[in-house]
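A structural walkthrough
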Number of protein chains: 4
Amino acid sequence: MGKINVSIIGASGYTGGELLRLLISHPNINIQQITSSSYYGKFAHKAHPNLRKATNLKFCAVDELEKTDLLFLCTPHGESMKKMNEFINIADKIIDLSGDFRLNDVKEFEKWYKQTHVNPELLNKFVYGIPELHRDKMKDAKYISSAGCNATTTILGLYPLYKNGLVEIDRTVVEVKVGTSEGGKKSSFATHHPERTGSLRSYKPTGHRHAAEIIQELSFNEKIQIHFSATSTDMVRGTLATSHVFLKEDLTEKDIWQIYRQAYGDEPFIRIIKEKEGNYRYPDPKLCIGTNYCDIGFERDPYSNRLVVISAIDNLMKGAAGQALQAFNIMFGFDETLGLEFTGLYPI
Amino acid sequence: MGKINVSIIGASGYTGGELLRLLISHPNINIQQITSSSYYGKFAHKAHPNLRKATNLKFCAVDELEKTDLLFLCTPHGESMKKMNEFINIADKIIDLSGDFRLNDVKEFEKWYKQTHVNPELLNKFVYGIPELHRDKMKDAKYISSAGCNATTTILGLYPLYKNGLVEIDRTVVEVKVGTSEGGKKSSFATHHPERTGSLRSYKPTGHRHAAEIIQELSFNEKIQIHFSATSTDMVRGTLATSHVFLKEDLTEKDIWQIYRQAYGDEPFIRIIKEKEGNYRYPDPKLCIGTNYCDIGFERDPYSNRLVVISAIDNLMKGAAGQALQAFNIMFGFDETLGLEFTGLYPI
Amino acid sequence: MGKINVSIIGASGYTGGELLRLLISHPNINIQQITSSSYYGKFAHKAHPNLRKATNLKFCAVDELEKTDLLFLCTPHGESMKKMNEFINIADKIIDLSGDFRLNDVKEFEKWYKQTHVNPELLNKFVYGIPELHRDKMKDAKYISSAGCNATTTILGLYPLYKNGLVEIDRTVVEVKVGTSEGGKKSSFATHHPERTGSLRSYKPTGHRHAAEIIQELSFNEKIQIHFSATSTDMVRGTLATSHVFLKEDLTEKDIWQIYRQAYGDEPFIRIIKEKEGNYRYPDPKLCIGTNYCDIGFERDPYSNRLVVISAIDNLMKGAAGQALQAFNIMFGFDETLGLEFTGLYPI
Amino acid sequence: MGKINVSIIGASGYTGGELLRLLISHPNINIQQITSSSYYGKFAHKAHPNLRKATNLKFCAVDELEKTDLLFLCTPHGESMKKMNEFINIADKIIDLSGDFRLNDVKEFEKWYKQTHVNPELLNKFVYGIPELHRDKMKDAKYISSAGCNATTTILGLYPLYKNGLVEIDRTVVEVKVGTSEGGKKSSFATHHPERTGSLRSYKPTGHRHAAEIIQELSFNEKIQIHFSATSTDMVRGTLATSHVFLKEDLTEKDIWQIYRQAYGDEPFIRIIKEKEGNYRYPDPKLCIGTNYCDIGFERDPYSNRLVVISAIDNLMKGAAGQALQAFNIMFGFDETLGLEFTGLYPI
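Not measured: the values here are computed from a predicted model.

Parameters and conventions
Residues numbered from 1 in each chain as written. Chains lettered and ligands numbered in written order. Predicted model: local features only at pLDDT ≥ 70, side-chain atom pairs only at ≥ 80, totals over all residues. Contact = placed C-beta atoms within 7 Å. Nonpolar A, V, L, I, M, F, W, Y, C, P; charged D, E, K, R; others polar. Least-squares fit on C-alpha atoms with pLDDT ≥ 70 in both. Pairing = 2+ DSSP bridges. Helix = DSSP H or I, 4+ residues; strand = E, 2+ residues; numbered from the N terminus. Buried ≥ 20, exposed ≤ 12 C-beta atoms within 10 Å, placed from the backbone. Axes fitted to C-alpha atoms, helices over the stretch in contact; angles between N-to-C directions. Domains from an automatic or database assignment.

As a further point, take the interface of chain B and chain A. Between chain B and chain A, the contact holds 41 residues from the first and 41 residues from the second. Within the side of chain B that touches chain A, the residues separate by chemical class into 15 nonpolar, 15 polar and 11 charged.

Let us look at the relation of the copies chain B and chain C. Expressed as a screw operation, the relation of chain B to chain C combines 0.0 Å of axial shift with a rotation of 180°, fitting to an RMSD of 0.0 Å. Here the transformation between the copies is reduced to the relation of a two-fold axis. Looking at the rotation axis and the C-alpha trace of chain B, the residue lying nearest is Phe-342 of chain B, at 4.3 Å. A symmetric contact is evident, with 100% of the interface residues of chain B recurring at the interface of chain C.

Turning our attention to the sheet that holds strand S4 (residues 68–73) of chain D. Residues and elements named next belong to chain D. With parallel pairing, the seven strands of this open sheet are ordered in space as S3-S2-S1-S4-S5-S7-S6. Each end of this open sheet is capped by a strand with a single partner; those strands are strand S3 (59–60) and strand S6 (126–128). As paired strands, strand S1 (residues 4–9) and strand S2 (residues 29–35) are joined by five bridges and run parallel to one another. Each bridged residue has a counterpart across the sheet, and for Asn-5 the counterpart in S2 is Asn-30.

On to the environment of Thr-35 of chain D. All names here are of chain D. Considering the arrangement of structural elements, one finds Thr-35 in strand S2. For Thr-35, a count of 23 C-beta atoms within 10 Å translates into the label buried. Along the chain, Thr-35 and Ile-9 lie 26 residues apart, while their C-alpha atoms are 5.0 Å from each other. Thr-35 has contacts with Ile-9, Gly-10, Ala-11, Phe-59, Cys-60, Ala-61, Val-62 and Leu-65, leaving out every residue within four places of it along the chain.

Here we come to the sheet that holds strand S3 (residues 59–60) of chain A. All names here are of chain A. Pairing is parallel in the open sheet, where seven strands are placed in the order S3-S2-S1-S4-S5-S7-S6. Looking at strand neighbours, the two that pair on one side only are S3 and strand S6 (126–128), the edges of this open sheet. Where strand S5 (residues 91–96) and strand S7 (residues 143–145) come together, three bridges link them in parallel fashion. Paired with Ile-95 across the strands is Ile-144, a residue of S7. On top of the sheet, helix H10 (residues 317–331) reaches strand S4 (68–73), S5 and S7; it is set at about 150° to S5, its chief contact.

Turning next to the domain arrangement of chain A. All names here are of chain A. Each domain of chain A was delimited in the assignment, giving domain 1 (4–147 + 317–331) and domain 2 (150–313). For domain 1 versus domain 2, the distance between C-alpha centres works out to 24 Å. Across the contact, 20 residues belong to domain 1 and 24 residues belong to domain 2. Residue assignment for the side of domain 1 that touches domain 2 shows that the elements contributing at least two residues are helix H4 (106–113), helix H5 (131–139) and H10. Its residues placed into classes, the side of domain 1 that touches domain 2 shows nine nonpolar, seven polar and four charged.

Rendered as C-alpha cells:
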C-alpha cells in the first residue's frame, strides 16, 4: 500500500503539534497540509520548537486545503460542527479530536455543553474514538471522534468492571488530576506562571463535560451515574483518575486482576500496574509522558466494598494525538502501534 | 502573667522545626529546652537553616530534660505512648503532635495502626486537638493530642454538615492531595528528587490511618463511613481535601453558605472561599503556606444530590505546629492568634 | 511618636501587594490609601488573595489621593518620572520602587533604558535604596529610590570586595538566576504555564539594566565593568547571583571571611553562609522566601585567583518591598527590623 | 551486516537505563546481557519502570558475562579503571561512560579527581567521546570514553571559537545549571524531595572535574583556563551552560553565526538557535529532554568584547547514553542517527 495522505486542521496548537510530531515519523503517512490562522505561512517549528530540524512544513489556511485521504481536526471545541460539511468534502475520512461529535445524543450534548449542536444529524455517524472499546467499528469507520482526555483515562480504568456489571451504578466517584497542557496553548492570567505553579486548583468540581462521555460509554444495561471532579495540578502533561467504585459482590484483588487481564491482556497500550513495592507500584502519569500507554492499577478497601481504580495517561498522547493515530492505524489496517513505539523516559 | 516555660521533644524534624519557629516569636513563651538525638549538642539552625540568626538554642537529650510547664511532643508515631508516663512527670501539660493518642477507642487504634497500644488507659485523658471542635474542653485540658493533617483538613471541611445531620452517612468519598513534607525529614529512594518530582503518587488509596480520626470526629448520632484516599503531589507543603458528600435534602448553595457561616463565622483561622471568578475562587493550599488558616469552599452538583467540599491547609501549620500552638493559646487563656498572625505570601 | 500615614501607588501588582502585606502588620504605620486602576473600587484581597481576612482596604484612583506623610510608588518603570512632580506635592517623602530614579547620571539612564528621562533634574535628589550602603544618607533623605532586585543581590554580594579595592575591576562576571515573579503580574504567552514551567530561559544574556546600578554602586575610585547575564528559572520568588571575581592578591578564605564580617557583622539582614556540610552550605534563595535577608557565601578557586561569591534574596522582599520598608524604618528612626521579622519557612 | 552483540555493565542506574531504552529499539543491536548487583536476577523493568512491556531482559552479575562484541560501561566513577583489564577480555570494543578514561594525562586526572589512577597506561588508548570533535578517530577506535555531561555542553558550545583561536584563553567563565538526575540514582538527605525541590544549590562553585575535560579539549595551541561553576536547579534532566567568552577581535553576530554554521552545518545533532522572538529564542534544556540534540545560541554584549554562548542538552542523552550510542554508530559504520531519532516533546 502506498502512503496515506493526510492533513491537519488547527495544527499550531498543543494537540496539533503533538499529532504532527507523530505523523512526521510514521512510515506510511504523507503529511499533505497543515493549517493555522495564527501561524499562517510560517514554518511548523515556529509553533513547535521541538520540530526544529524535523520538518520543513509550513502552515497554510483552511481555504487552501486540497483533497486528501484523511483529515485530522484539532480545532477548538464548537468549531468542527460548524464546518463539518465542508470538511467531509475534502476528505473521505475524518478523525475529529474536538468534543463536538463525541456524544451520540444531541440532548446530552446540549445538557453538558450548554450550547446548541448545529450538525446533530452527523452525531451518529461518528465512532467514539477509544480503540479498546470500539476497535471493530473503527475498521470500517469513515468518521471517528477522538475521546476526551479525562474521559479516556476514566473509561479505560473502569470499562472491565462496568462491562461485567460488577459495580453499583450510581455511586462511583471519580477524581481526576490534570496537567496544564489540557487547557491548551492560549495564555491568560489563570495560566500565568506565578499564579499557576505550585497550585492545586479545583477547576471543575462538578459539571465537567467529560462526565457525559463516561456515562455514555459505561452505561451498558442501564444508565449509570458518575460523580466527577477535576483538579488541576502543577504538571504540564498527564491525567490521573482515581475512581472510587463500590462492588456488588465481594471480589478479591486476584479476581479483579483476572477481570482486567481478560479485558486487556492483548491490548498493546494498556499496562496493568500492581506491584507490592517500589516507587511506581501504582500508575503515575509521569511515566506515561510521550507514550500512548494507559496504565491501570487498583486496590480493594479492606473495610468496605470500595475498590479504588487508578488510571494514568499522557493527555496529549493517549488522551488526544496518540489515540487518534492509533485509530488511524486501525482504520487503514496498519499495525496499531505504528508510530507509537516510544516507551517513555525514566527518570523524568 | 509571666512567660510559660515549654520544651519540645523531637525538635529537629520538620514539625518540630516549624513549632520552634513559631515559639521563638511568641511573646509569652520561654523555650526552655529542645531535644534531638541526631543533632545532639548542635545549634537549632543546623537542623533548621531558616532559623539562622533567629535563635542560639542547642539541642539536648531527652534524659536531660528539666521540669517545665508544658511539653510539646514531636516524636515519631509509636514513641509517645511508650514514654508518656515519663513525660507527664516532666510537665503538667502536654501537647502530643504524634498519632498515639488521637483515637479514644483502643480497638480503633489497633484496627487502623496495626499495633498494640501500650498505654491505653491514657487515651481518654487526651482532648482531640482541633480547636474549632473542642475549644471548650481545651480550656481546662491537661493533655491534648494534635490532629492529623489530612484529618484536620477533612474534618474542618465537613464538620458543619455532619454536625447538622445533613449528609448520607455511608457515602462520603474523600480524596486528599498531600505534599511531600508530610512524609517527614527522613530520606529514602521513595523521596529521591528525580523519583519524586513531577510524580502523582497514590500513596494510600485505602486504609489510611487518618480515616479513623475523621470517623471518630464526624460520628454524631451513629457511626459514619468515610471512603478515604490520599495522593501525593509534587508540592512540599499543603493538603487539599476534595470531599464528595451526598445531601439528604436539596439544599441550595446559599443554604450551605449559611450553615458554614453559622459554624465558622467567628473562627479566626477559617476562611470560607467562594468567589465567582479569579484564580483562587476555590481553596488552594499554596495560599495557606506558612499560615494557620483552613480555607473551605464548596460547589453543588446540579445533576445529583452531591456536594463537593474543598478544604486546604498547610500540613505543617494548621495540620501540625500551628494547630498545636493555637491549642496552647487556648489552654493558657491567651489570644488564640498569638504567634499565628502570618497571613501567607502571594505570589508563591 | 504617632503613626505615620502612608499611601501606595500601584498597589495591585505583586510588589505593591507584598508591600501592603508588610505595612498591614507594621505597628507604626497607618495605611491611608492604596491605588489601582485595574482593581479600582475593589477590596485589596481581590488582587491579593493572601490578604483575605487581613484587611478591608479598597483601591482608589491616583487622582483621589490625599496628602500623606510618605508615598510608596510601585508604578511600572517609566511611570514615576512622568508624574513625580505631582507626587511630591502629595507627600513630603517618597520611596520609589521603580527603576526611574536609581541612576544618578542621566546619560547612563539613557544608555541602559534606551529612553529619554523626562525628569533628570530630580535624579540627584534620590538616595539609592540599599540601606547597607547608604544608611546614613537615608536618615535625612526625602526621596529614596529602591534598588533593583538583581542589582541588590549582586551589590550586597560584592560590596565589601570592591569597597576594599580587592578585585580586578574589569573581569567580574555575574550570572543571576531569577524567579518568574520578577516579571510582574501581567500574563503573556511567555509566562503561560506549559511554556514557562521546567524552563531555563536566558532572558537577558547581555544589556540588563540592573548592570548599570551595579556599576554605579561598586565604582569607587574608577569606573568598573560588570559582565552580567540573567537566566530565568522555574521558581516564583528568589534571586541567586553567582559572581566570579578575580582577586588582586592571594587572599585565603579566612581573610575573605573577615572582610565580610567587618562589613556586615552588625547588619540585621545579612547572613554570611559558609558551612562545611549540609544541604544549605551555600546561600539558597528558597530559604529567603518571605524574608528580608540577603544570604552571602563564597568559595576560593584553588587553581586560579578567582573567588566565587554567591548571594541570594527574595526578589519581592529584600529586592523590593522589604528593602523599601527597611529604608522607611531608617527614614523615620524606627528599629530597622520592624515589620520585617519573618525568618522564613523550612522546608519549603 | 548482522546484529552487533552488546552488553551493559551497571545497567540498573539512570544512565544504564537510558542506554538500555535506546538499545532496545536500535534495529542493528542485540542486547546480550545487562548487569546489576542491586537488581540481580530481576527484570529490567523493576529498575526502569518505563520499560514495562518493552523488554523481558533480566539483570545478571558481572562474573556471568559472556564474550560479546562491545561492552558499555555504566559503572560508578573509579570502578572501570579497576576492572578494565577484565573487561577488555570480554569484548573487543568498549565504550566507557564513566569518568575514568576521559583525561589523557594521568597528572591531570590525579589533580582533579584527587585519587590515584590504577590503570594509567590505558589512558591513551581511549578516544574522547564527543563525535563532533573526534568522529574520524572513532571510526577505527576500540575504546571510547564518553564525555562528561557538563563538559559536553560546554565544549560543544565553545569548540568553534577555540578551534579558530578567537577568544582570550584565560578569561572564559562558564556557569552550568544542571538537573538532579546528574547525581545518579542513589538517594540521600541531599536529594530528599522537600530539601531539593525549589532549590538553587551551588553544588560545585570551583574545582569541578569536568573543567579538566573542557581544558583538555579546547586547548589547541596553548593550554587554556576555564573558570567553571555548577549550580543545581529543580529540573530532573537537562544541562544549560552559559559561557562568557571574551573575543580577541570585534566580531559581529553575523560573523559568529557563520563560524558556527561552518563548524556544525552538517552535524545531525547540533541545532543553532538564534531567533528574534518567541519563548525559545535561546536554547532551553527542556526542549532537549529525551533527544540527542545539543542546542547552541549566543549573544554579543554591545558594551564590551564579551560573547555569551548558551548551550543545552539532556544530560542523560547527549551527555551520556545518547552520545555513547552515537559513538557506537560511528564505530560500526551505521547511520549516526540510528536509534536517536526522537525529536523531543513540546510542551513539556
